[in-house]
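Each chain, letter by letter, is given below.
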Amino acid sequence: MRKIKSHFFISLDGVVEAPNEWHFPYFNDEMGAAVGAGFGGADAVLMGRVLYDEWAAYWPQNADQPFGDVINDIKKYVVSNRLRTAEWNNTEIISGDVAGRLAELKAQDGGDIAMSGSPTTVRWLLREGLLDELNLLVHPLAVGGGLARLFPPDEPAIPLELLRSEAFQTGVLNLSYGPAAPAG
């Protein structure tokens, strides 16, 4: 059975938006290895429409950059009820019964389905019981206001359990969580 595993660069105050503005001073070989491992067992990527729009506009024209060859060739699933066509190579739109279709994909043979970004989709997957791992690279800084957080204040509580943890030399914490076992 395949697993859906999400990966985020995140600040201490929960910011996941625009990591290109705050994350690079903390990037080192340890983080590079963690990011590579996150996609190492995957044969597909899942994303929401907003991330798809951003990446589909960027990666096909930047295939020569690191990660370009990976993301352009890998199977991509986009969760969207608005998107009607997907021109980016190897992309399938998932709409309608999204939970049912994702459950079908998870039941198939194959590698993991990785995610990078798409916080709205990740929150929905957690509520639906479809996300198997939430991997966070927690950066030792508070970014401040104005940017999107992984869990906004109005989000319902979602119990998780720690699967793995590691501290990098830069102070970044590499944390992996999974759904908490039901109480009782």
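Procedures and definitions
Residues numbered from 1 in each chain as written. Predicted model: local features only at pLDDT ≥ 70, side-chain atom pairs only at ≥ 80, totals over all residues. Heavy atoms only, no water. Helix = DSSP H or I, 4+ residues; strand = E, 2+ residues; numbered from the N terminus. Rg over C-alpha atoms; globule rule 2.2 N^0.38 Å. Contact = heavy atoms within 4.5 Å. pLDDT = per-residue confidence, 0-100. Axes fitted to C-alpha atoms, helices over the stretch in contact; angles between N-to-C directions. Parallel < 35°, antiparallel > 145°, perpendicular 65-115°, else oblique. Nonpolar A, V, L, I, M, F, W, Y, C, P; charged D, E, K, R; others polar. Buried < 20%, exposed > 50% of the residue type's maximum accessible area, 1.4 Å probe, protein only. Arc of directions from axis to C-beta. Phe/Tyr/Trp six-rings, centres within 6.5 Å; stacked < 30°, edge-to-face > 60°. Lys NZ or Arg CZ within 6 Å of the ring centre and 35° of its normal. Salt bridge = Lys/Arg side-chain N within 4 Å of Asp/Glu carboxyl O.

J.: Explanation requested: the overall build of the protein chain in the structure shown.
T.: On a plain count of helices and strands, the protein chain comes out with 5 helices and 8 strands. Listed N to C, the secondary structure of the protein chain is β-α-β-α-α-β-β-α-β-α-β-β-β in terms of helices and strands. Relative to its length of 184 residues, the protein chain is compact, with a C-alpha radius of gyration of 16 Å against a globular reference of 16 Å. Its C-alpha atoms give the protein chain principal-axis dimensions of about 50 × 40 × 30 Å. A sequence separation of at least 24 residues applies to 68% of the contacts in the protein chain between residues at least 6 apart.

J.: For this particular structure, what's the right way to read the environment of G144?
T.: Note that G144 resides in the loop between β6 (133–139) and β7 (160–167). Measuring from C-alpha to C-alpha, the distance between G144 and V70 comes to 32 Å, with 74 residues separating the pair along the chain. In contact with G144, not counting residues within four places along its chain, are D13, V15 and R149.

J.: I'm lost on the confidence of the model for the protein chain in this one. Help?
T.: Residues at a pLDDT of 70 or more form 99% of the protein chain, whose mean pLDDT is 92. Per-element averaging of pLDDT across the protein chain places helix α3 (residues 68–73) at the bottom with 86 and β6 at the top with 97.

J.: Even after reading the chapter, I still don't get the packing of helix α4 (residues 98–107) against helix α5 (residues 119–128), so can you show me in this structure?
T.: A pair of packed helices can be characterised by two numbers: the angle between their axes and the separation between those axes. One way to put it is that α4 packs onto α5 with a least axis distance of 12 Å and a crossing angle of 80 degrees. As far as their axial angle goes, α5 and α4 are roughly perpendicular. Residues V98, A99 and L102 of α4 form the contact with α5, whose own contacting residues are W124, L125 and E128. Counted by class, the contact of α4 with α5 contains 5 nonpolar, no polar and 1 charged residues.

J.: What is the right way to look at α4 in this model?
T.: V98, L102, L105 and K106 are the residues of α4 that are buried. Looking straight down α4, one finds that the buried residues subtend no more than 100 degrees of arc, so they occupy a single side. On the buried face of α4, the contacting elements are β1 (4–11), β2 (42–48), β3 (75–79), β4 (91–94), β5 (112–116) and α5.

J.: How should I be thinking about the packing of aromatic side chains in this particular structure?
T.: All chains considered together, the criterion is met by 2 aromatic pairs. Relative to W88, the ring of Y52 has its centre 5.9 Å away and its plane inclined at 45 degrees; by these criteria the two rings are tilted. One end of the pair, Y52, is in helix α2 (residues 49–58); the other, W88, is in the loop between β3 and β4, with 36 residues separating them in the sequence. Residue Y52 is classed as buried on the basis of its relative accessible area of 4%. Consider the rings of Y58 and W59, whose centres lie 4.9 Å apart with planes at 85 degrees: the pair is edge-to-face. A residue is classified by how much of its surface remains accessible, and W59, at 10% relative accessible area, is buried. The ring of W88 carries the charged tip of K76 above its face, separated from the ring centre by 4.5 Å.

J.: Even after reading the chapter, I still don't get the pattern of salt bridges, so can you show me in this structure?
T.: Where charged atoms of side chains with opposite charge meet at close range, the side chains can pair. According to the stated counting rule, one finds 12 salt bridges in the structure shown. Among the ionic pairs, K5 bridges to D112, the shortest N-O distance being 3.0 Å. Placement of K5 in strand β1 and of D112 in strand β5 is noted, with a sequence separation of 107 residues between them. A relative accessible area of 18% means that K5 is categorised as buried. By relative accessible area, which is 17% here, D112 ends up buried. Put simply, E104 and R101 hold a salt bridge, and the shortest N to O gap is 3.4 Å. Placement of both E104 and R101 in helix α4 is noted, with a separation of 3 residues, approximately one turn of the helix. Assessed through its relative accessible area of 22%, R101 is described here as partly exposed. Linked by salt bridges that have partners in common, K5, D112, E133 and R164 make up one network.

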